[in-house]
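Residues per chain are reported as follows:
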Amino acid sequence: TQLLEQSPQFLSIQEGENLTVYCNSSSVFSSLQWYRQEPGEGPVLLVTVVTGGEVKKLKRLTFQFGDARKDSSLHITAAQPGDTGLYLCAGASQAGTALIFGKGTTLSVSS
Amino acid sequence: NAGVTQTPKFRVLKTGQSMTLLCAQDMNHEYMYWYRQDPGMGLRLIHYSVGEGTTAKGEVPDGYNVSRLKKQNFLLGLESAAPSQTSVYFCASSYIETGYTGELFFGEGSRLTVL
């Protein structure tokens, strides 16, 4: 069974701080996605990474896929209250048709 | 531009009652999924479908049944609800197989409470 471990589970920071969320597995994934979910809504895709070592930037968010394609990280620079939400990583195995989700990181940014 | 629509959004059931959650998508997607989300557990796949008339079990299928009679609809049924099925249920669809970097489009969720 493939598992994705996310850390930390909860993160509460002040506006302007930097943070990193980690997503780790003992399994190799063909691709990894990051979703953001706000209360009362479904998750929305932020980014997909597919190549080992790949780095993608989305404004103040930087996503990295590990060289071995077993882990990923999300770094937020100068966090803002609008970044508050649940961040989920999800991996796609090479053989499966469904994404496997991590348990999520709840981020709270206060002004 | 509806995307993925789930009905109902809220429901309270008594133990042993049955109900059906309806998911409809207007994006002509082949793949549809039902997930449940519980605090601290992330999203867990219940059942999924790779096309009209097909269904397959996911990670936590027990106590649920599904049907995909039309391409745009995916129904999730609870035959005899149990308190352990209290959860928020999300339907999602994708254009291509998620194993090939397909993006999941989610509905807004259906909150089910079983007393």
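Residues numbered from 1 in each chain as written. Chains lettered and ligands numbered in written order. Predicted model: local features only at pLDDT ≥ 70, side-chain atom pairs only at ≥ 80, totals over all residues. Heavy atoms only, no water.

Chemist: Got a sec to walk through the overall build of chain B? Specific residues and values, please.
Modeler: Along chain B, the regular secondary structure elements total 0 helices and 11 strands. Counted from the first residue to the last, chain B has its helices and strands arranged as β-β-β-β-β-β-β-β-β-β-β. Whereas a compact globule of 115 residues would reach a radius of gyration of roughly 13 Å, chain B reaches 13 Å, a difference of no more than 12%. For chain B, the spread of C-alpha atoms along the principal axes amounts to about 40 × 30 × 25 Å. Considering only contacts in chain B between residues 6 or more positions apart, those separated by 24 or more positions represent 54%. With an accessible surface of roughly 5500 Å², chain B has 52% of that area assigned to carbon and sulfur atoms. The average position of the 10 basic charges and that of the 10 acidic charges among the side chains of chain B differ by 9 Å. (Helix = DSSP H or I, 4+ residues; strand = E, 2+ residues; numbered from the N terminus. Rg over C-alpha atoms; globule rule 2.2 N^0.38 Å. Contact = heavy atoms within 4.5 Å. Areas by Shrake-Rupley, 256 points an atom, 1.4 Å probe, with all protein chains shown as cover. Lys, Arg positive; Asp, Glu negative; His and termini not counted. Charge placed at Lys NZ, Arg CZ, Asp CG, Glu CD.)

Chemist: Residues and numbers for the interface of chain B and chain A, please.
Modeler: Facing 21 residues of chain B, the contacting portion of chain A comprises 25 residues. Both sides of the chain B and chain A interface together cover about 1700 Å² of buried area, and 56% of this is carbon and sulfur. Broken down by secondary-structure element, the contributors of at least two residues to the side of chain B that touches chain A are strand S4 (31–38) and strand S5 (42–49) of chain B. In terms of residue count, S5 of chain B provides more of the side of chain B that touches chain A than any other element does, 4 residues in total. (Buried area = accessible area lost by both parts, 1.4 Å probe.)

Chemist: Any details on unusual backbone geometry? Residues and values, ideally.
Modeler: Trans peptide bonds make up most of the peptide bonds, and negative phi angles are found at most residues other than glycine. Here the amide bond leading from Ser7 of chain A into Pro8 of chain A is cis, since omega sits at -10°, within 30 degrees of zero. If you trace the backbone, Pro8 of chain A turns up in the loop between strand S1 (5–7) and strand S2 (10–14). A cis amide bond links Thr7 of chain B with the next residue in sequence, Pro8 of chain B, at an omega value of -10°. Tracing the backbone shows Pro8 of chain B in the loop between strand S1 (4–7) and strand S2 (10–13). Non-glycine residue Lys59 of chain A carries a positive phi angle of around 55°. Relative to the helices and strands, Lys59 of chain A is located in the loop between strand S6 (55–58) and strand S7 (61–65).

Chemist: Account for the layout of surface pockets, with residues named and values stated.
Modeler: One number sums up the size of the largest pocket: a volume of about 650 Å³. In terms of lining residues, the largest pocket is bounded by 28 residues, among which Gln37 and Leu86 of chain A together with Gln37, Val88 and Arg111 of chain B are the most central. Elements represented by at least two residues in the lining of the largest pocket include exactly strand S9 (85–92) of chain A together with S4, strand S9 (87–94) and strand S11 (110–114) of chain B. Looking at the lining of the largest pocket residue by residue, the class counts come to 8 nonpolar, 13 polar and 7 charged. (1 Å grid on protein atoms, 1.4 Å probe; cavity = no way out; pocket = protein on both sides within 12 Å on 5 of 7 lines; lining within 4 Å. Points joined across faces, edges and corners; volume = space filled by probe spheres on them. Nonpolar A, V, L, I, M, F, W, Y, C, P; charged D, E, K, R; others polar.)

Chemist: I'd like a description of the packing of aromatic side chains, backed by residues and values.
Modeler: Evaluation of the coordinates by the stated rule reveals 10 aromatic pairs over all chains. On the numbers, 5.8 Å between centres and 65° between planes, the contact of Tyr64 of chain B with Tyr89 of chain B is edge-to-face. Here Tyr64 of chain B, found in the loop between strand S6 (56–57) and strand S7 (65–67), pairs with Tyr89 of chain B, found in strand S9; they are 25 residues apart in sequence, far enough to count as distant. Exposure remark for Tyr64 of chain B: the relative accessible area of 9% places this residue in the buried category. Members of the aromatic cluster, each reached through a chain of ring pairs, are Tyr35 and Phe101 of chain A together with Tyr33, Tyr35, Tyr48, Phe90 and Phe106 of chain B. (Phe/Tyr/Trp six-rings, centres within 6.5 Å; stacked < 30°, edge-to-face > 60°. Buried < 20%, exposed > 50% of the residue type's maximum accessible area, 1.4 Å probe, protein only.)

Chemist: Outline the pattern of salt bridges, listing residues and values.
Modeler: Summed over the entire model, instances satisfying the criterion amount to 6 salt bridges over all chains. Here Asp83 of chain A ties to Arg60 of chain A by a salt bridge, and the two come within 2.9 Å at their closest N and O atoms. Of this pair, Asp83 of chain A sits in the loop between strand S8 (71–76) and S9 while Arg60 of chain A is found in the loop between S6 and S7, placing the two residues 23 residues apart along the sequence. Given a relative accessible area of 23%, Arg60 of chain A falls into the partly exposed group. For the salt bridge of Lys71 of chain B with Glu30 of chain B, the shortest nitrogen-to-oxygen distance reads 3.0 Å. With Lys71 of chain B in the loop between S7 and strand S8 (73–78) and Glu30 of chain B in the loop between strand S3 (19–25) and S4, this pair connects stretches of sequence that are 41 residues apart. Through salt bridges with shared partners, a single ionic network connects Arg36, Asp38 and Arg44 of chain B. (Salt bridge = Lys/Arg side-chain N within 4 Å of Asp/Glu carboxyl O.)

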